[in-house]
Amino acid sequence: MVITPNREPDVFTAISHPARRRMLDLLAEADRSVNAIAGHFQMSRPAVSQHLRVLLDSGLVTEQRHGRERRYHFVPERLGSVRDWIAQYERFWDDHLQRLQKLLSKRSKE
């Protein structure tokens, strides 16, 4: 995983990896420590920490210290740009499916 120092990782980059999406799923359920998150993966703890760093840099998670432990918290509002992007395609498919339905209805009447 290479992050160019001149460019801040964005939300789309952060969610591009399946492990990070799974981490967000876990954090959507509850705040968790890195060890609690690592327990759900067959990868090293440092690898989990690297993925969490990408999520932190994108603003999708925040980190709070509780004594010696760091707990991670999901920030769902940061997915707004993803929701907005997907909404364009939902409108596209809704429109195309409505036109297909009209065409099929017209043909069935003939």
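Residues numbered from 1 in each chain as written. Predicted model: local features only at pLDDT ≥ 70, side-chain atom pairs only at ≥ 80, totals over all residues. Heavy atoms only, no water.

Student: Help me understand the pattern of salt bridges in this model?
Tutor: It is possible for side chains bearing opposite charge to pair when their charged atoms get close. Considering all chains together, one arrives at 6 salt bridges under this definition. Residue aspartate 84 is joined to arginine 83 by a salt bridge in which the shortest nitrogen-to-oxygen separation is 3.6 Å. Judged by its relative accessible area of 45%, aspartate 84 is partly exposed. Of the charged contacts in the structure, one is a salt bridge between arginine 99 and aspartate 95, with a shortest N-O distance of 3.2 Å. In this pair, arginine 99 and aspartate 95 are both assigned in helix H5 (residues 80-109), 4 residues apart and thus about one turn of the helix distant. For aspartate 95, a relative accessible area of 35% translates into the label partly exposed. (Salt bridge = Lys/Arg side-chain N within 4 Å of Asp/Glu carboxyl O. Buried < 20%, exposed > 50% of the residue type's maximum accessible area, 1.4 Å probe, protein only. Helix = DSSP H or I, 4+ residues; strand = E, 2+ residues; numbered from the N terminus.)

Student: Would you take a moment to explain a nonpolar patch on the surface for this structure?
Tutor: A grouping of Phe12, Trp85, Ile86, Tyr89, Phe92, Trp93, Leu97, Leu100, Leu103 and Leu104 is seen on the molecular surface, where their side chains present a nonpolar patch of about 980 Å² in accessible area. If you tally residues by element for the nonpolar patch, the top one is H5, at 9 residues. Counting through the fold element by element, tryptophan 85 comes out in helix H5. (Patch = residues over 30% accessible without salt bridge, like charges linked within 9 Å, V, L, I, M, F, W, Y side chains within 5 Å. Areas by Shrake-Rupley, 256 points an atom, 1.4 Å probe, with all protein chains shown as cover.)

Student: Could you clarify how one ought to interpret the side chain of serine 58 in this entry?
Tutor: Relative to the helices and strands, serine 58 is located in helix H4 (residues 45-58). Since its relative accessible area comes to 1%, serine 58 is described here as buried. Of note is the side chain of serine 58, whose polar atom sits 2.9 Å from the backbone oxygen of leucine 55. (Polar contact = N/O pair within 3.5 Å; in protein donor to acceptor, adjacent residues only side chain to side chain.)

Student: Help me out: how do you make sense of the sheet that holds strand S2 (residues 61-66) in this one?
Tutor: Strand pairs in the sheet, formed through backbone hydrogen bonds, run parallel or antiparallel to each other. On the basis of which strands lie adjacent, the open sheet formed by 3 strands has the order S1-S3-S2 and antiparallel pairing. Two strands lie at the open edges of the sheet, namely strand S1 (32-33) and S2, each paired on one side alone. Bridge count for S1 against strand S3 (residues 69-74) is 2 bridges, and the pairing is antiparallel. From the neighbouring strand, serine 33 faces S3, where its bridge partner is arginine 71. Sheet contacts for helix H2 (residues 18-29): S1, S2 and S3; angle to S3, the most-contacted strand, approximately 95°. Its contacts with the sheet put H4 on S2 and S3, and the angle it makes with S2 is roughly 115°. (Pairing = 2+ DSSP bridges. Contact = heavy atoms within 4.5 Å. Axes fitted to C-alpha atoms, helices over the stretch in contact; angles between N-to-C directions.)

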